[in-house]
Amino acid sequence: MKKIVVLAKQVPDTANVTGDAMKADGTVNRAALPAIFNPDDLYALEMALAIRDKIGGEVVVITMGPPKAAEILKHSLYMGADRVMLITDRKFAAADTLATSYVLAETIKKIGGVDLVLAGRQAIDGDTAQVGPQVADKIGFNQITYVSALREFNDNYLIVERDGEVQTEVIKSSYPVLLTITGQANTPRYPNCRRMLQYFRADVKENFNDSELSAAESNDWIIPTYALADLDLDEDRCGLKGSPTKVHKIKSIMLKGGDLKMYGTKPTNIKQLVRDITKVYVEVN
Amino acid sequence: MKSIVFIEKNPVTGKLRNVSIELTYKAYSLSKPLKGEVIGVFAGDALPEDTDRLFQYGLDRLLYFTDERLKHLHSIAYKHILKAMIKSEEPDIVLFGATHTGRDIAPLIASSLKTGLTADCTQLYVEDYKDKGKILFQVRPAFGGNILATIITPDNRPMMASVREGVMLLPEKHPNHPVKMESFPVDFNESWIKSEFLSVVPKVKKVDFNSAQTIVSGGAGVGSADNFRLIRELANALGGEVGASRAAVDFGFVDKDHQIGQTGSVVRPKLYIACGISGQIQHRAGMEESQKIIAINKDPEAPIFKIAHMGVVGDVNEIIPVMLRYLKEEG
Ligand SMILES: Cc1cc2nc3c(=O)[nH]c(=O)nc-3n(C[C@H](O)[C@H](O)[C@H](O)COP(=O)(O)OP(=O)(O)OC[C@H]3O[C@@H](n4cnc5c(N)ncnc54)[C@H](O)[C@@H]3O)c2cc1C
Ligand SMILES: Nc1ncnc2c1ncn2[C@@H]1O[C@H](COP(=O)(O)O)[C@@H](O)[C@H]1O
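Cut-offs and rules
- Residues numbered from 1 in each chain as written.
- Chains lettered and ligands numbered in written order.
- Predicted model: local features only at pLDDT ≥ 70, side-chain atom pairs only at ≥ 80, totals over all residues.
- Heavy atoms only, no water.
- Domains from an automatic or database assignment.
- Contact = heavy atoms within 4.5 Å.
- Buried area = accessible area lost by both parts, 1.4 Å probe.
- Salt bridge = Lys/Arg side-chain N within 4 Å of Asp/Glu carboxyl O.
- Polar contact = N/O pair within 3.5 Å; in protein donor to acceptor, adjacent residues only side chain to side chain.
- Nonpolar A, V, L, I, M, F, W, Y, C, P; charged D, E, K, R; others polar.
- Helix = DSSP H or I, 4+ residues; strand = E, 2+ residues; numbered from the N terminus.
- Near = heavy atom within 4 Å.
- Areas by Shrake-Rupley, 256 points an atom, 1.4 Å probe, with all protein chains shown as cover.
- Pairing = 2+ DSSP bridges.
- Core = buried A, V, L, I, M, F, W, Y, C linked by side-chain atoms within 4.5 Å.
- Buried < 20%, exposed > 50% of the residue type's maximum accessible area, 1.4 Å probe, protein only.

Draft legend 1. The domain arrangement of chain B, seen in detail. All names here are of chain B. According to the domain assignment, chain B contains domain 1 (3-192) and domain 2 (214-330). Each of domain 1 and domain 2 was reduced to a C-alpha centroid, and the two centroids are 34 Å apart. Contact with domain 1, which involves nine residues of that partner, is made by eight residues of domain 2. A combined buried area of about 640 Å² lies between domain 1 and domain 2, and 42% of that area is made up of carbon and sulfur atoms. The three residues of domain 1 that bury the most area against domain 2 are G144, R164 and G166, which together make up 55% of that side's buried surface. The interface formed by domain 1 and domain 2 contains zero salt bridges. Where domain 1 packs against domain 2, one counts four residue pairs in polar contact (both at pLDDT 80 or more). Considered class by class, the residues forming the side of domain 1 that touches domain 2 number three nonpolar, four polar and two charged.

Here you go:
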């Protein structure tokens, strides 16, 4: 029996950034980008579910984000999460990794009795890979990053493979421990049909009108939200205020184009190309 | 501007990681004009074999702590030791290599020092900022590489940043001076060891981009694993290394070790030949600093032509054989 927390984030799909996703002033138009479940976090959730399915316990998925982020919590319920928590408050806006990890760590402490925290290796919007370790620091857990496989686990310990860049490490840790998970670790399961039927109406409370509310409550459709005050957080450590890093300026990347010499495809052209390459080659070496 | 650089050893070779040297020189160029010291911090089972190399890149002092128990990455122990070293010096800037080790430890330290850490910077410079005096400006790609953000940490110290290997350049001529070695006292607490390393297997490294002057890369446009042979032949003929786009890797044309870009290696060869590669931002992130870029692509609109110096619009599988023939002729 283990109490497992999964940290999941809703992110803009940065892999499919199209023209209108960039505003004229060079900032990102988030509204023009589809929001998705951060890919690495799905592997973390899958690992949590696999562990719970085998040794029992509870999987709690928490996300800090705007109300819309309830979408990924709904998806987590479809996949089999036992409980979800949406940490949402305007005062959390513009949090950097230090402020984000503070809020997540306090939430984990509030849940209490947590044995295992699983985070994605990194989120594709910022690619920082910092939130996982910074949560580990704040809750005082052991940490193993870049986990690429779960080899063995039971109530007392787990054994994982870590992608150590120049070497593969096989590491055993007892609980409590926080792992950050890479895309090599597993294949996330599909949403479960029965659970989709059960939770397809799940949403945050304010999106139900009065007449729907009692049905929503009895059917367990309400995705619980927690604000700054609910978690007794120190406002100075949240959001923009609690973030030591600030964005000074943002520039979209424009390709300059420039001194490009084109060659035709006839043998003589290619011969010239090879000459020029060899020339560069001699010059630069 | 006092700077600290995390000095990292490659656990497989026992030698310094290149990124530690690159960052030492970067710290030197940031700190020296402002008469600041550059200090290395090292923790591990033993000093890197080639610690002397740090002499040549502007390091002033190296604080080190060695202990058998640090043979493996015991994150919590590393955090406590490096944090103590950093605190004892009160630096303005702390730089980490964005390796799987640096990215494991640096966030722990930043969290525990309650300061900012900017990941994967591609540019670092020091300038005046409002009434804050001189601070570090940290430029990094964000949103999947679609934008460049300049991040600052105006009110906290130290200002921490990580940088990937190969991003910061090394100079031709080095500031050569001896490093003062200082063994740093640590009251090692057994409870810092929380993981047990059951086995460690070095990854077989098949690719060496570091010493390659020329890289010939193939992308999805190469078409098949079989055709990819042409990429290898061209690389061989030019005495270079074989690179690839992620699409070529995903299609199984070539091993992941060859991938160049945001999630692969960052390279900066003298000659980069992109064959059948569209030049998406994530690929460019790993190669656009190459001195000369040559693109061969069927599509004249491919973004790779925007950064190329020489280009051919055509089929790689027809053009490369002709190139190989002429290369042989030219000797
Ligand atoms: C988070 C993230 C990280 C990523 N990291 C990386 C990374 O590290 N490295 C990387 O490379 N990509 C990375 N990508 C993927 C990247 O976005 C592109 O999908 C990838 O670079 C495309 O590879 P390609 O140019 O080979 O393929 P394509 O974009 O499919 O381009 C193929 C090109 O070949 C041309 N072509 C086709 N046939 C021929 C022919 N016979 N002769 C000549 N030309 C031909 C086409 O005109 C086209 O331009 C990443 C993506 C994401 C979302
Ligand atoms: N706002 C958030 N809410 C919940 N989890 C998060 C949040 N931000 C980051 N994480 C977790 O931390 C990991 C690393 O994020 P990052 O440091 O932003 O790359 C993600 O894969 C998530 O597991």
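There's more to say after this.
Draft legend 2. Geometry of the interface of chain A and chain B. With 73 residues of chain A at the interface, the matching set in chain B holds 85 residues. Summed over both partners, the interface of chain A with chain B comes to about 6900 Å²; 60% of that surface belongs to carbon and sulfur atoms. Across the pair D104 of chain B and R162 of chain A runs a salt bridge whose closest N-O atoms are separated by 3.8 Å. Here the side of chain A that touches chain B takes eleven residues from helix α7 (residues 267-284) of chain A, the largest share from any one element. Residue composition of the side of chain A that touches chain B, by class: 32 nonpolar, 22 polar and 19 charged.

Draft legend 3. A look at the site of ligand 1. Near ligand 1 there are 25 residues, and of these A220, S245, T263, S278 and Q282 of chain B occur at the shortest range. Ligand 1 sits at a junction of chains, with neighbouring residues supplied by chains A and B. Contacts to ligand 1 include G276 of chain B, whose backbone N or O atom sits 3.1 Å from an oxygen atom. One nitrogen or oxygen atom from the side chain of N297 of chain B is found 2.7 Å from an oxygen atom belonging to ligand 1. Protein contact buries 79% of the 980 Å² of open area that ligand 1 shows by itself. Elements supplying a minimum of two residues to the shell around ligand 1: α5 (246-250) and α6 (281-284) of chain B. By residue class, the composition of the shell around ligand 1 is six nonpolar, 15 polar and four charged.

Draft legend 4. Local environment of the sheet that holds strand β11 (residues 195-202) of chain B. The strand order across the open sheet formed by ten strands is β13(A)-β5(A)-β4(A)-β1(A)-β6(A)-β10(A)-β7(A)-β8(A)-β9(A)-β11(B), and the pairing between neighbours is mixed. At either margin of the open sheet sits one strand with a lone partner, and together these are β13 (225-226) of chain A together with β11 of chain B. Bridge count between strand β7 (residues 142-153) of chain A and strand β10 (residues 177-181) of chain A: four bridges; the pairing is parallel. Across the sheet, residue N142 of chain A finds its bridge partner in β10 of chain A, namely V177 of chain A.

Draft legend 5. Looking closely at the nonpolar core. Counting 69 residues, the largest nonpolar core has V61, L116, L118 and L179 of chain A together with L82 of chain B as the members making the most contacts within it. With 35 residues, the next largest nonpolar core counts Y263 of chain A together with V216, M310 and Y326 of chain B among its residues.

Draft legend 6. Expanded view of the site of ligand 2. Residue and element names in this part refer to chain A. Taken together, 18 residues form the shell around ligand 2, and within it L7, D41, A123, T128 and A129 come nearest. Measuring from an oxygen atom of ligand 2, one finds a backbone N or O atom of G120 at 2.9 Å. Against a free-state accessible area of 480 Å², the protein chains account for coverage of 97% of ligand 2. Elements with a contribution of two residues or more to the shell around ligand 2: β4 (57-64), α3 (97-111) and β6 (116-120). Looking at the shell around ligand 2, the element that brings in the most residues is β4, giving three residues. For the shell around ligand 2, the per-class residue count stands at nine nonpolar, seven polar and two charged.

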